[in-house]
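# A closer look at the structure
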Amino acid sequence: MGLTKQYLRYVASAVFGVIGSQKANIAYVTLRGGERGRYVAVAACEHVFIWDVRKGEKVLILQGQKHEVTFLCPSPDGIHIAVGYEDGAVRIFSLLNGESNVSFNGHKSAVSVIHYDRLGARLVTGSKDTDVIVWDIINECGLYRLRGHKDVITQALFLKDKNLLVTSSKDSFVKWWDLDTQHCFKTMVGHRSEVWGMLLLNQENRLLTGSADSELRAWDITYLQEEKAEGEPKVKKGKTLLDDDDDEDNDEGVDESLEERILSCKKAGSILREARDRVVSLTADNKARVVACHGNDSVLELFTVLSEDEVQKKMTKKLKKAKKKAAKAQEDAGEEAAEPVVERMLKDEIIRLTNIKASAKIRWVECLSCAGGELKVALLLQNNTVETYSLKTSDKTPTANKTARLTLGGHRTDVRTLAFSSDNLAILSASGDTVKVWNRSTLQVIRTMACEYALCSLFVPGDRQIILGTKSGKLQIFELASGSLLETVDAHDGALWSLCLAPDQRGVVTGSADKTVKFWEFELIKDQGTSQKRLTVKHTRTLQLEEDVLCVKFSPDHRLLAVSLLDCTVKIFYTDTLKFFLSLYGHKLPVLCLDISHDSTLIATGSADRNVKIWGLDFGDCHRSMFAHDDSVMFLQFVPKTHLFFTAGKDKKIKQWDADKFEHIQTLEGHHREVWCLTISPNGDHLVSSSHDKSLRLWERTREPIILEEEREMEREAEFEESMAKGDVPVVPGETQGEAAPAGKKTVETVKAAERIMEALELYKEENRKMEEHKYACENAGKELPPPKPNPILVAFGNVSPSRYVLDVIKKVRSSELEVSLLVLPFPYVPQLLTLFNSYIQQGLEVELVCRCLFFLLKIHFGQISSNQMLLSVIDELRTNTLSKVREIRDVMGFNSAALQFLQREIESKEDVMFFAEATGQLKEKKKKRRKRERAILTIA
């Protein structure tokens, strides 16, 4: 079938104009042994950008797929970064090459927090779905899901030396989890409102929590010794300041509750912040010596945590002072005074360091301690900016110096207007305070100029000047070569909503909220100061209307002028006489955008009522009304020299339509907020769109044709896959919902993996049947017949045996999706799998993987397997084979480990060299000695 009309696909080409998205945090990273504190990672919609703050340039992009990034956490070794997304997925990227090879799917909604343990072997993630999941990074699978919180998880931290986890949530609780038994053994209920942030300080003996008020609450954690044997006397604890009068009440509670066996928490006091609102982020540097926190404003508060020695010094000073005072009082009164007592307060241990005032509201903070007592602070601001500060913590009064500010690569506020230059090479974008011109091919900013709040814009023919229409009704003319403002013209009394270039390129027309449309001509006048000629505009005619003007457009043949009004109509006038020609009415809400096709035969209007109407320009008849978007249609433009047009909507989508056949051609999805405007290059090959998510996106036309039926089919398939993944997780019989649950969730991938395993088993069954038939035929014929043809799939995989093929299919299932895939697998396939597993273990093939699958299947199908007589022999064989094989593997590993330790000792004794950990310490010592020697030589010289 020949294509009657060819549509070409537009694809996403790049995201630019965004420096740091508001959805996620900011994190310091190290790249290929680069210096610490030089690179920061921030979210940029669905991608992660790594910026070099010193040079102010992007050095690496970690490509996302579709959903926004919501949290970032670099690994302790600095080689990887874990990224959480809006749909609950977590992907681990390598910072060496920017590729992701591990991904975890367990949460139902956005990931709100991620943390590694000290070794970087486990990962804990918390989400908006109130679950906490612990993942094993080495095995690339989920360990367990912890349920108990009733609202968004705001923080989750592993303890360094104990297998414990502490989590905080918006439900106002802090929970302690014992990871050996996967249960919550303690819930702290001392907060009246949401817990927004949490830190562990003083070698994990203190917990600091930030809530919705101006207090930072501190809690002392005492880890109790292992439980005593029964009948052992309870040690009487010494009295502390906090429990002077509590001993009477404590007598009843002698039998310690379970939670008191692991640790006990007592409130130690609180520190007052200057801000009155909630804590937005609370963080400490890597040594937990400096605490940084901020609210919804632009002030960052820094506190320093004193070490035990410093606190003791402070207390002795205090005591001396108190003794002096007491002695003085004694002299005055002449009587014996009591020995002065100095209480140790929280304010003696955590003291205010300084405040940093950022240039805008802070969204997130990250601190890093560097050599020489320098503290580096990176701030992600709410206006698409990253700022870095540095301060010396050792100074008496430390002051923060701003070291970098990333602002060039994006606007502070939303871009409201875009325009392409006539040579398709430059893009203009203007926001509430600046106008930028970008190079389309490199996406670098060429010019940045300060302007008023811009609403519409265009390049003057020749591409040397640009004109902006502003909210205050002014026309601003800029020259690009010098980047200077040439002139500001007071054009209208109300907002200047629309600007259109005349088809003869000799002037422009403007439409405004002051109910007028004005015509302007370009003029070159002599500048008084420089006596050079410069561009200006001269007002020639005014068209007075009854209502506010929202949009104006010339028809390309210069015959007609279309004006959209606030009364939901579009009026069309003759350009030469300004006489009324047609009124297009039918929209229920005002028309926000319109465009006329290149041959002046069609006009398309997009309205706040979510519809697009296509009209004929000869009689003003409505050809078709189409429901275009799920929210207001914000922008509409024809592709040059065609009857195809694009619309942008507040529903985050951009759609392409055919105005002759009234067909929806394709949808460009990518923006995460309302799309404000778009512009198409004069040759139709590129399209740029801007959105409330602060990003500008470039889309380019490919040579790939679109077949509409296939396009609709793909949309339906995607919808079906999405609904399939949203289905409930299969219930395991006999299991009740407890605090701990499996970590995985059903996704399209797990369903597909289960289907692949089923297909492989069917193929295995079929091949076995063929072999049986062949054997039977050979016996009947009494001679060896030629063997049956193997399945082409087996041939493609290199003539593998059917049982080996099943194992290959199971091996290819992602480790993190294996359990859920087996959970989806129907039971009739299980007996066959178990017999196969037995043969694999006998041959010693992939024993670890097979054991993992075997134990999981036994756990979930225990009832059916144990009641099936046929499987008795198989299970018995499996029992003996599995135990012996696993023992063998364990022995081999033990032997290898012992051999390596032996070799290490041999090398150490031979070369008198300490291996691994000690070597670095010795290297530092050597360096110190060398420096001393060099200094001595210099002083002598």
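Counting restarts for each chain, with residues numbered from 1 along the sequence as it is written. The predicted origin of the model limits local features to residues at a pLDDT of at least 70 and limits the giving and counting of side-chain atom pairs to 80 or more, whereas totals for whole chains, interfaces and linings rest on all residues. Hydrogens are left out, water is left out, and the side-chain values use all remaining heavy atoms of the structure.

### Notes on the sheet that holds strand E3 (residues 39-44)
Inclusion rule: The pairing criterion is simple: DSSP has to find at least two bridges between the two strands. In this description a helix means any DSSP run of H or I spanning at least four residues, a strand means any run of E spanning at least two, and both kinds are numbered starting from the N terminus. Fitted lines through C-alpha atoms serve as axes, helices being fitted only where they are in contact, and the angles separating the N-to-C directions of these axes extend from 0 to 180 degrees.
Read from one edge to the other, the open sheet built from 4 strands follows the order E2-E3-E4-E5, with strand pairing classed as antiparallel. Unpaired on one side and paired on the other, strand E2 (26-29) and strand E5 (57-62) mark the two borders of the sheet. Taken over all neighbouring pairs, the strand axes of this sheet differ in orientation by 30 degrees on average, direction set aside. Bridge analysis of E2 against E3 gives 4 bridges, and the strand direction is antiparallel. What sits directly across from Ile26, in E3, is Val42.

### What about the environment of Leu179?
Convention followed: Exposure categories follow from relative accessible area, calculated using a 1.4 Å probe and restricted to protein chains: below 20% of the type maximum is buried, above 50% is exposed, and the middle band is partly exposed. In this description, contact between two residues means that some pair of their heavy atoms is separated by no more than 4.5 Å.
Its location among the elements puts Leu179 in the loop between strand E16 (174-178) and strand E17 (183-188). Given a relative accessible area of 3%, Leu179 falls into the buried group. Excluding anything up to four places from it in sequence, Leu179 contacts Arg122, Tyr144, Leu146, Phe158, Asn163, Leu164 and Leu165.

### What about the packing of aromatic side chains?
Stated formally: Any pair of Phe, Tyr and Trp rings, taking the six-membered ring for Trp, is counted once the centres come within 6.5 Å. Such a pair is stacked with planes under 30 degrees apart, edge-to-face with planes over 60 apart, and tilted for the rest. Note on geometry: a ring has a charge over it if NZ (lysine) or CZ (arginine) is within 6 Å of the ring centre and within 35 degrees of the ring normal.
The final tally for this structure, using the stated rule, is 11 aromatic pairs. With a centroid separation of 6.0 Å and 85 degrees between ring planes, the pair formed by Phe71 and Trp364 is classed as edge-to-face. Here Trp364 lies in strand E26 (residues 362-370) and Phe71 lies in strand E6 (residues 69-74), a separation of 293 residues in the sequence. Note that Arg278 overlies the ring of Trp196, its terminal NZ or CZ placed 3.7 Å from the centroid. One residue, Arg541, lies across the ring of Phe519, its end atom 4.5 Å from the ring centre.

### So, the nonpolar core
Test applied: Among buried residues, the Ala, Val, Leu, Ile, Met, Phe, Trp, Tyr and Cys ones that are joined through side-chain atoms within 4.5 Å form a nonpolar core.
Ranked by size, the top nonpolar core spans 40 residues in total, and within it Val806, Ile810, Leu834 and Phe837 carry the most contacts. Those elements giving two or more residues to this core turn out to be helix H4 (748-781), helix H6 (802-812), helix H7 (818-824), helix H8 (830-843), helix H9 (847-860) and helix H11 (872-911). For this core, the element with the highest residue contribution is H9, accounting for 9 residues. In this view, Phe837 contacts Ile810, Val850, Cys853, Leu854, Leu857 and Leu878; residues no more than four positions away in its chain are not counted. Counting residues in hydrophobic clusters, the runner-up holds 28 residues, among them Ile92, Val132, Ile153 and Ala156.

### Quick look at H8
Owing to its 3.6 residues per turn, the α-helix brings residues three or four apart onto one side. Threshold: Given a helix with a known number of residues, its expected span is that number minus one, times 1.5 Å.
Between its first and last C-alpha, H8 extends 20 Å over 14 residues, near the 20 Å set by a 1.5 Å rise per residue. Looking at the packing, one finds that the buried side of H8 touches H4, H6, H9, helix H10 (862-866) and H11. Positive phi shows up at Gly844, right after H8, with a value of about 70 degrees.

### Regarding the side chain of Arg534
Condition: N or O atoms within 3.5 Å of each other form a polar contact, as long as, within protein, one can give a hydrogen and the other can take it, and as long as residues adjacent in sequence are counted only when both atoms are side-chain atoms.
Structurally, Arg534 can be placed in strand E41 (residues 533-544). Within polar-contact distance, the side chain of Arg534 engages the side chain of Glu487 at 3.2 Å. Among all residues touching Arg534, those that are not within four sequence positions of it are Leu486, Glu487, Glu523, Leu524, Ile525 and Asp527.

### Examining the pattern of salt bridges
Between side chains of opposite charge, a pair can form as their charged atoms come close. We count it as follows: Salt bridges are identified by distance alone: a Lys or Arg side-chain nitrogen within 4 Å of an Asp or Glu carboxyl oxygen.
Summed over the entire model, instances satisfying the criterion amount to 39 salt bridges. Measuring nitrogen to oxygen at the nearest pair gives 4.0 Å for the salt bridge that ties Lys474 to Asp490. Taken together, the residues span a long stretch of sequence, with Lys474 in strand E36 (residues 474-479) and Asp490 in strand E37 (residues 484-490) at a distance of 16 residues. Given a relative accessible area of 21%, Lys474 falls into the partly exposed group. Accessibility expressed as a relative area gives 61% for Asp490, which makes it exposed. With a shortest N-O distance of 2.9 Å, Asp876 and Arg879 are connected by a salt bridge. Taken together, the positions of Asp876 and Arg879, both in helix H11 and 3 residues apart, correspond to about one turn of that helix. The network of salt bridges with shared partners includes Lys23, Glu68, Glu86 and Arg673.

### Brief notes about the pairing of strand E40 (residues 516-526)
As defined by bridge partners, strand E39 (residues 507-512) adjoins E40 across 5 bridges and the pair is classed as antiparallel. The partner of Gly511 across the bridge, within E40, is Val517. Linkage of E39 to E40, two consecutive antiparallel strands, is achieved through a turn of 3 residues, within which Lys515 is found at a positive phi near 70 degrees. Two strands pair when backbone bridges link them, and E40 and E41 are joined in this way by 11 bridges, in the antiparallel orientation. If you follow Glu521 over to E41, its bridge partner there is Lys538. Between E40 and E41, which pair antiparallel and follow one another directly, the connecting turn spans 6 residues, one of which, Ser531, has a positive phi of 55 degrees.

### Some points on empty space enclosed by the protein
As a reminder, the rule being used: Cavities and pockets were defined on a 1 Å grid built over protein atoms only: a cavity is a set of grid points that admits a 1.4 Å probe from which the probe cannot escape, a pocket is an open set flanked by protein on both sides within 12 Å along at least five of seven lines, and lining residues are those with an atom within 4 Å of any such point. Grid points are joined across faces, edges and corners, and a volume is the space filled by probe spheres set on the points. Three classes are used: nonpolar for Ala, Val, Leu, Ile, Met, Phe, Trp, Tyr, Cys and Pro, charged for Asp, Glu, Lys and Arg, and polar for all others, with Gly counted as polar.
For the coordinates displayed, the defined rule picks out 1 cavity of 30 Å³ or more. Lining the largest cavity, in full, are Asn105, Gly744, Lys745, Thr747, Thr750, Ser816 and Glu817. Split by residue class, the lining of the largest cavity holds no nonpolar, 5 polar and 2 charged.

### Considering helix H2 (residues 308-333)
Its 26 residues give H2 an end-to-end C-alpha distance of 37 Å, which sits within 8% of 38 Å, the value for a rise of 1.5 Å per residue. Considered for burial, the residues of H2 that qualify are Val311, Met315 and Ala326.

### Quick notes on the state of the cysteines
Applicable threshold: The disulfide criterion is simple: two cysteine sulfur atoms within 2.5 Å.
A full pass over the atoms with the stated rule returns 0 disulfides. No disulfide involves Cys141; its sulfur sits 11 Å from the nearest other cysteine sulfur, which is in Cys853. Assessed through its relative accessible area of 5%, Cys141 is described here as buried. Looking at the unpaired Cys622, the closest cysteine sulfur is the one in Cys568, lying at 15 Å. The class of Cys622 is partly exposed, set by a relative accessible area of 39%.

### What to know about the sheet that holds strand E48 (residues 611-616)
Strand order in the open sheet formed by 4 strands is E46-E47-E48-E49, with antiparallel pairing between adjacent strands. Of all the strands in the sheet, the pair left with one neighbour each is strand E46 (591-596) and strand E49 (622-627). For this sheet the average axis-to-axis angle between neighbouring strands, irrespective of direction, equals 15 degrees. Pairing of strand E47 (residues 602-607) with E48, which is carried by 5 bridges, proceeds in the antiparallel orientation. Of the residues in E48, the one forming a bridge with Ala604 is Ile614.

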